[in-house]
Amino acid sequence: MAPPQKMAASNTWRGPEDFRWPAVAACSPKPPWGRGADGGEGEDVGQEGIANAALPQRIAQSGLPALKDLCPAVIGLGYVGLPLAMALAQTRPTIGYDLSRGRIAALRDGTDTTGEVAPDRLSAARKLPIRLTDQSGKLTAANCYIVTVPTPIDAHKRPDLAPLLKACAQVGAVLSPGNLVIFESTVYPGATEDDCVPALERASGLRLNRDFWVGYSPERTNPGDPAHRLQDVVKVTSGSTPDAAGLVDALYRQIITAGTHPAPSIRVAEAAKVIENTQRDLNIALVNELAMIFDRLDLDTEAVLEAAGTKWNFLPFRPGLVGGHCIGVDPYYLTHKARAAGHEPEVILAGRRLNDRMGAWCAARLVRAMSAPGRDLTAARVLIMGLTFKENCPDLRNTGVLGLIEALCEHGLRVDVHDPLADPDVALADCDVDLIAHPVPGLYDAVVLAVAHQAFRALGPERLRALGKPGALIYDLKGMLPPECSDLRL
């Protein structure tokens, strides 16, 4: 499909239906082939042709669009898709598509509910050649589609590819010969070629590597982390042919200042992504079990970890509740594929089981402390500070705090939850938690610091202590307070 005609007119945003393509020169920076971010040629890094200076000519001969003519559409404007769409719009006309009309309306009004893009950056985006839409018909203006939709697990902890396959059907409906489709969603090795490509072929009637090409470049988003933004993290890239891989790599190298790492195949790139969070999950499971052991030995876990951390190769992991869209999900994608290949995973699933029950263990520890002589659990109230899966982020997906709340309720305690970053409507709809806006000082028998939001740190020990009754317990799950300022800590 030929790219949309580019116009030399102003590319100032004039409303949701206005979309001005800048002059061709604005979309045609020098293609930086090879490793590194300096725009020069690099060494061969494993996939034939990626660092070949003749690649632009070969791409043209292969039927792929030229780098300068790529007009991407980002499918899914969440934590991953929105920053990506804005970065791409710095170099070329870009479409941002999301199923949610409310999401598009909020973004047009300058509000990003994920908190990943500040209002001033959204306002500045009005001057970029980017079009935000919830109408799939608008996608026909693109010739490159980048899919960033979620890949969750179902109630049985099996991979749920429904959102991804739905996105494939939508892209397939507008796919034309010469198009490129790139996937960023986390999947098990083989999913792009075994699941996504057939869905694209069915919906489009086209054939892979004859009529269209695919790439895989896994997202590495870390919500709420301003130190590791999209452009600051090395991007793994891959493609269905060497030329497609080279084009995918060149596209990302225009926006990733940290550089790229071309993988030798799509399956390698998929596997690399899924083990990143599996490794982290297992390391956290280890220190969570150490916390359980040291509790029985009457040892302070943090003190032990600080002492062990003086050795140069000791990894600085800390115990805690595990959740979110990656760490609590990705290992199940890998174990699913392992079982399909005839291998029964042991260590990975053991780590998952341990982390999944960490909330219940923390609750039991608090109840034991509250059941000490002189304490009455009848009608006792507990305040949970924080519901999101991590600090300084509104994301509630798979939050580990829910396990803590449910366990405390099973013990018969009355539980209030306060989180100024979480959306109360989302918390009620997705977590069945009715957040309180303003905790009443002096009301609680225990205060649990479950999420280390900066807003909670700013309160300081005295104001946090004042939320409880005289003699109330402070349970610090995140090491927010000095040891002497809490009664229990993980």
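Summary of the structure given here. (Residues numbered from 1 in each chain as written. Predicted model: local features only at pLDDT ≥ 70, side-chain atom pairs only at ≥ 80, totals over all residues. Heavy atoms only, no water.)

## Comments concerning unusual backbone geometry
The condition is simple: Numbering goes from the N terminus for both helices and strands, where a helix is a DSSP run of H or I of at least four residues and a strand is a run of E of at least two.
Backbone geometry at Asn398 places phi at a positive 55°, although glycine is not the residue there. Secondary-structure assignment places Asn398 in the loop between strand 9 (381–385) and helix 13 (401–410).

## Focus on the side chain of Glu219
Under the convention used in this document: Each residue is assigned to one of three classes by its accessible area relative to the maximum for its type, calculated with a 1.4 Å probe on protein chains only: buried under 20%, partly exposed between the two thresholds, exposed over 50%. A 3.5 Å cut-off defines polar contacts: any pair of N or O atoms within that distance qualifies, except that in protein one atom must be a possible hydrogen donor and the other a possible acceptor, and neighbouring residues in sequence count only when both atoms are side-chain atoms. Contact criterion: two residues are considered in contact whenever any of their non-hydrogen atoms come within 4.5 Å of each other.
Among the secondary structure elements, Glu219 is positioned in the loop between strand 6 (212–216) and strand 7 (235–237). Residue Glu219 is classed as buried on the basis of its relative accessible area, which comes to 7%. In terms of polar contacts, Glu219 uses its side chain to reach the backbone amide nitrogen of Thr221, at 2.7 Å. Not counting chain neighbours up to four residues away, the residues in contact with Glu219 comprise Val80, Glu184, Thr186, Lys235, Lys273, His325 and Cys326.

## Concerning the pairing of strand 2 (residues 94–97)
What counts is decided by this rule: In this scheme, strands are said to pair when DSSP sees at least two bridges between them. With its strands directed away from the observer, a crossover is right-handed exactly when the path from the first strand over the helix to the second travels clockwise.
Taking every second residue as pointing to the same face, both faces of strand 2 are buried, with Thr94 and Gly96 on one and Ile95 and Tyr97 on the other. Alignment of strand 1 (residues 72–75) against strand 2, held across three bridges, turns out to be parallel. If you follow Val74 over to strand 2, its bridge partner there is Gly96. A crossover links strand 1 with its parallel partner strand 2, the connecting element being helix 2 (residues 81–89), and its sense is right-handed.

## Description of the sheet that holds strand 6
Two strands in a sheet stick together by hydrogen bonds in their backbones, pointing the same way (parallel) or opposite ways (antiparallel). Formally: An axis is simply a line fitted to the C-alpha atoms; with a helix, the fit covers only the stretch in contact. Between two such axes, the angle follows the N-to-C directions and lies from 0 to 180 degrees.
One open sheet holds the six strands; their spatial order is 3-2-1-4-5-6, and the pairing between them is parallel. Sheet topology places strand 3 (130–133) and strand 6 at the edges, where each strand pairs with a single neighbour. Taking each pair of neighbouring strands and ignoring which way they run, the sheet shows an average axis angle of 20°. Bridge count between strand 5 (residues 179–183) and strand 6: five bridges; the pairing is parallel. Residue pairing for strand 6: Ile182 is matched across the bridge by Gly215. Contacts between helix 2 and the sheet are confined to strand 1, strand 2, strand 3 and strand 4 (144–147), with strand 1 contributing the most and set at about 170° to the helix. Strands in contact with helix 6 (residues 191–204) are strand 5 and strand 6; relative to strand 6, the strand with the most contacts, it is inclined by about 145°.

## Concerning the packing of helix 8 (residues 266–296) against helix 12 (residues 358–370)
If you want to describe how two helices pack, look at the angle between their axes and the distance between the axes. Quick note on the threshold: Each angle receives one of four descriptions, namely roughly parallel if under 35 degrees, roughly antiparallel if over 145, roughly perpendicular if within 65 to 115, and oblique otherwise. Two helices that cross are described as forming a left-handed crossing if the nearer one is turned anticlockwise from the farther one by less than a right angle, and a right-handed crossing if clockwise.
Closest axis-to-axis distance for the helix 8/helix 12 pair is 11 Å, and the angle between their directions is 20°. The angle between helix 8 and helix 12 places the two elements in the roughly parallel class. Where helix 8 crosses over helix 12, the handedness of that crossing is left-handed. Two secondary-structure elements touch here, helix 8 through Asn288, Ala291, Met292 and Asp295 and helix 12 through Met358, Trp361, Arg365 and Arg368.

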